[in-house]
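Fold and contact review
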Amino acid sequence: ELARLQVYNNRPDQALVSADTAIALDAENSMAHAVRALSLDWLGDFDDATLAAVRAIQLDGKNGLAHAYYAEILTDTSRFAQAGDEARLAISLNPNSMDVHRVYGQYLESVAAYEDAIIEYQTAATINPNIALLYIRLGLNYRVLGDSDIAIEYFQRASALEPDNIVPYLSISRTYYQTGEY
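To start, this report covers the structure provided alongside it.

**Brief notes about helix α9 (residues 132-144)**
A rise of 1.5 Å per residue sets the reference length of α9, with its 13 residues, at 18 Å; its end C-alpha atoms lie 19 Å apart and thus fit the reference within 8%. The element α9 is extensively covered by neighbouring structure, given that 10 of its 13 residues are classed as buried. Among the residues of α9, Ala132, Leu134, Tyr135, Ile136, Leu138, Gly139, Leu140, Asn141, Tyr142 and Arg143 are the ones counted as buried. Looking at the buried residues of α9, the elements they touch are α7 (98-110), α8 (114-127), α10 (148-161) and α11 (166-178). Remark: Gly146 follows α9 within two positions and exhibits a positive phi of approximately 90 degrees.

As structure tokens, this is what we get:
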């Protein structure tokens, strides 16, 4: 759990250390391998992330988060058909998980299904309303669909959650720029 929180706190390097510690304590822990995969994915080490995700699934094929994180890795490496299958499987295994809906939203966004991605991100934000990343993704999807006012509202929500994070502010400025409000 600590490693997962560290990833969402934009500290995937620390999350990797925590996940490795959990694996050292229990090498058969599917969740530890799954979060290790998530950490490696956010660090851009897709090959090792894939190995960790596959190991997590081998240890527990019904671990919805392992399938979700594997779907995220597949999406990040542009293997969209397989990513969609893994994301849908993750939803069926763990429909009440913020992570699962976030990843499915990311997959849908990657295949330009923006309205469906918004639904998944909103579901994720309903489950856990304290993750700024969800509001950033919502804002980006609304901006792509041309609804700048709602996009800005979501970026402002993200900045309220993480006032030191520059991404929401840059997103707001880019939105104003794209609408001609310099």
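**Focus on the packing of aromatic side chains**
Inspection of every chain in the model, using the stated rule, returns five aromatic pairs. Geometrically, the ring pair formed by Tyr8 and Trp42 is edge-to-face, given 5.7 Å between the ring centres and 80 degrees between the ring planes. On the criterion of sequence distance, the pair formed by Tyr8 in helix α1 (residues 2-8) and Trp42 in helix α3 (residues 30-42) is long-range, its members being 34 residues apart. Its relative accessible area of 11% is what places Tyr8 among the buried residues.

**Some thoughts on the packing of helix α5 (residues 64-76) against helix α6 (residues 80-93)**
Two quantities define a packed helix pair, namely the angle between the axes and the distance from one axis to the other. One can describe the packing of α5 onto α6 by two numbers: an axis separation of 8 Å at closest approach and a directional angle of 160 degrees. One element, α5, and the other, α6, form an angle in the roughly antiparallel class. Crossing hand, α5 versus α6: left-handed. Contacts between α5 and α6 involve Gly64, His67, Ala68, Tyr70, Ala71, Leu74 and Thr75 on the former and, on the latter, Phe80, Gln82, Ala83, Glu86, Ala87, Leu89, Ala90 and Leu93. Its residues placed into classes, the contact of α5 with α6 shows 10 nonpolar, four polar and one charged.

**Notes on the packing of α6 against α7**
Axis separation between α6 and α7 bottoms out at 9 Å; the angle between their running directions is 150 degrees. In terms of axis orientation, α6 runs roughly antiparallel to α7. Our pair here, α6 against α7, has a crossing hand that is left-handed. Every residue of α7 that contacts α6 at Phe80, Ala83, Gly84, Ala87, Arg88, Ala90 and Ile91 is listed here: Val100, His101, Tyr104, Tyr107 and Ser110. Of the residues belonging to the contact of α6 with α7, the class tally is eight nonpolar, three polar and one charged.

**Brief notes about the side chain of Ser159**
Here Ser159 is to be found in helix α10. Of the residues examined, Ser159 reaches a relative accessible area of 11% and is grouped as buried. At a separation of 2.8 Å, a polar atom in the side chain of Ser159 contacts the main-chain carbonyl oxygen of Gln156. Contact partners of Ser159, with chain neighbours within four places excluded, come to Pro168 and Tyr169.

**Considerations on the pattern of salt bridges**
Applying the stated criterion to the full structure yields seven salt bridges. Two residues, Arg4 and Glu1, come together in a salt bridge whose shortest N-O distance is 3.4 Å. Here Glu1 falls in the exposed class, since its relative accessible area comes to 65%. Its salt-bridge partner being Asp20, residue Arg36 comes within 2.5 Å of it at the nearest N-O pair. Residue Arg36 is found in helix α3, and its partner Asp20 is found in helix α2 (residues 12-25); the two are separated by 16 residues along the sequence. Of the residues examined, Arg36 reaches a relative accessible area of 24% and is grouped as partly exposed. Linked by salt bridges that have partners in common, Glu1, Arg4 and Asp99 make up one network.

Parameters at a glance
- Residues numbered from 1 in each chain as written.
- Predicted model: local features only at pLDDT ≥ 70, side-chain atom pairs only at ≥ 80, totals over all residues.
- Heavy atoms only, no water.
- Helix = DSSP H or I, 4+ residues; strand = E, 2+ residues; numbered from the N terminus.
- Expected span 1.5 Å × (residues − 1).
- Buried < 20%, exposed > 50% of the residue type's maximum accessible area, 1.4 Å probe, protein only.
- Contact = heavy atoms within 4.5 Å.
- Phe/Tyr/Trp six-rings, centres within 6.5 Å; stacked < 30°, edge-to-face > 60°.
- Axes fitted to C-alpha atoms, helices over the stretch in contact; angles between N-to-C directions.
- Parallel < 35°, antiparallel > 145°, perpendicular 65-115°, else oblique.
- Left-handed = near helix turned anticlockwise from the far one by under 90°.
- Nonpolar A, V, L, I, M, F, W, Y, C, P; charged D, E, K, R; others polar.
- Polar contact = N/O pair within 3.5 Å; in protein donor to acceptor, adjacent residues only side chain to side chain.
- Salt bridge = Lys/Arg side-chain N within 4 Å of Asp/Glu carboxyl O.

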